[in-house]
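Structural overview for review
This is what each chain is made of:
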Amino acid sequence: MTATSSTKELSFIHRIEPASLPGRPPLLLLHGTGGNEDDLIPFGNMISPGSALLSPRGKVLEGGMPRFFRRLAEGVFDEEDVRRRANELADFVAEARGAYGLAAPIAVGFSNGANIAAAVLQLRPEALAGAVLIRAMVPLQDPPATDLNGKPVLILSGASDPIVPADNAKRLAGILNKAGAKVEHRMLPTGHALSKTDVDLTTAWVDQL
Ligand code: MLT
């Protein structure tokens, strides 16, 4: 039986790849706009071989492209929807943990997936053991007070990212740091797309958890 054929019907369409090595942290893989549950599976296998991979598909469609929340324009978010969808995703994580017997996962999000992961950290911190936020920006202008209590967070930004201004990424790092997360923020000499440096830095970061 393949891993895919053991996928259960839960509140998000998703893929699950069971752990193949003990002691590796489960990863919650969150794709970017226009992606799906298959997109980050190879990335997950590269950065943490042997980890369980839980990969949902965003439920919001923008011109047919899956996302994790609605936006009003590029970089302008419908924050009511961000809140609703972050709670919905946190509920799915709890459901999937029960269904598949997983510990709290480390979210690994790219772009829109990184933004929803940042919102889940702020709204439902108990859902995640930590997060890797690749090309993330501030998801909520007025987040509730949260105690992130030393949760590890790696933020990887692109110095020439045309979608995420460097200042915005720095602001996100500051907000999460102030909320008590153990934040490492790296500004890479790259744009918005995933790069080999993202793979290398994320692999090293997951290894030292
Ligand atoms: C977003 O909408 O979450 C960000 O602008 C990133 C993107 O998906 O382009």
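Structure report, in brief. (Residues numbered from 1 in each chain as written. Predicted model: local features only at pLDDT ≥ 70, side-chain atom pairs only at ≥ 80, totals over all residues. Heavy atoms only, no water.)

Moving on, we come to the pairing of strand 1 (residues 14-17). A regular strand places its side chains on the two faces of the sheet in alternate fashion. Every second residue of strand 1 is oriented toward a common face, with His14 and Ile16 on one face and Arg15 and Glu17 on the other, all of them buried. Bridge analysis of strand 1 against strand 3 (residues 53-56) gives four bridges, and the strand direction is antiparallel. Opposite Arg15, over in strand 3, you have Ser55 as the bridge partner. (Buried < 20%, exposed > 50% of the residue type's maximum accessible area, 1.4 Å probe, protein only. Helix = DSSP H or I, 4+ residues; strand = E, 2+ residues; numbered from the N terminus. Pairing = 2+ DSSP bridges.)

Helix length check: helix 2 (residues 79-100), at 22 residues, gives a terminal C-alpha distance of 31 Å against a target of 32 Å (1.5 Å per residue), a fit within 8%. Burial in helix 2 covers these residues: Asp81, Val82, Arg85, Ala86, Leu89, Ala90, Phe92, Val93, Ala96 and Tyr100. End-on view of helix 2: buried residues confined to an arc of 165°, all on one side of the axis. Of the residues in helix 2, the exposed ones pointing more than 90 degrees away from the buried face are Glu80 and Gly98. In this structure, the buried side of helix 2 is in contact with strand 1, strand 2 (27-30), strand 3, strand 4 (60-62), strand 7 (76-77) and helix 3 (112-123). Gly101, located one to two residues past helix 2, shows a positive phi value of around 65°. (Expected span 1.5 Å × (residues − 1). Arc of directions from axis to C-beta. Contact = heavy atoms within 4.5 Å.)

Sheet architecture is open: seven strands sit in the order 1-3-2-8-9-10-11, paired in mixed fashion. On the outer flanks of this sheet lie strand 1 and strand 11 (182-188), each paired with one strand and no other. Neighbour-to-neighbour, the strand axes of the sheet open up by a mean angle of 15°, direction not taken into account. Against the sheet, helix 2 contacts strand 1, strand 2 and strand 3, and its axis sits at roughly 140° relative to strand 3. Contacts from helix 3 reach strand 2, strand 8 (106-110), strand 9 (130-134) and strand 10 (152-158), with the element oriented near 140° to strand 8. (Axes fitted to C-alpha atoms, helices over the stretch in contact; angles between N-to-C directions.)

Once that is clear, we can look at the site of the ligand. As a structural note, the neighbourhood of the ligand is formed by Thr33, Arg67, Phe69, Arg71, Glu74, Gly75, Phe77, Ser111, Asn112, Asn115 and Ile163. In the environment of the ligand, an oxygen atom lies 2.5 Å from a nitrogen or oxygen atom belonging to the side chain of Thr33. One of the side-chain nitrogen or oxygen atoms of Asn112 is found 2.9 Å away from an oxygen atom of the ligand. Contact with the protein chains hides 96% of the accessible area of the ligand, taken as 260 Å² for the molecule alone. Across the shell around the ligand, the residue classes tally to three nonpolar, five polar and three charged. (Near = heavy atom within 4 Å. Polar contact = N/O pair within 3.5 Å; in protein donor to acceptor, adjacent residues only side chain to side chain. Areas by Shrake-Rupley, 256 points an atom, 1.4 Å probe, with all protein chains shown as cover. Nonpolar A, V, L, I, M, F, W, Y, C, P; charged D, E, K, R; others polar.)

Peptide bonds are mostly trans, and most non-glycine residues show a negative phi. Here Ser111, not a glycine, exhibits a phi torsion of approximately 60°, which is positive. Residue position: Ser111 is located in the loop between strand 8 and helix 3. Of note, the phi angle at Arg135 is positive, near 60°, even though the residue is not glycine. Secondary-structure assignment places Arg135 in the loop between strand 9 and strand 10.

Here the focus is the pattern of salt bridges. Within this structure, the stated rule accounts for 16 salt bridges. The partner of Arg85 in a salt bridge is Glu88, and the shortest N-O contact between them spans 3.1 Å. Linking Arg85 with Glu88, this pair stays in helix 2, spanning three residues, or about one helical turn. By relative accessible area, Arg85 is classed as buried at 13%. When salt bridges with common partners are traced through the structure, they connect Glu62, Arg67, Arg71 and Glu74 into a single cluster. (Salt bridge = Lys/Arg side-chain N within 4 Å of Asp/Glu carboxyl O.)

In short, geometric facts, not functional conclusions.
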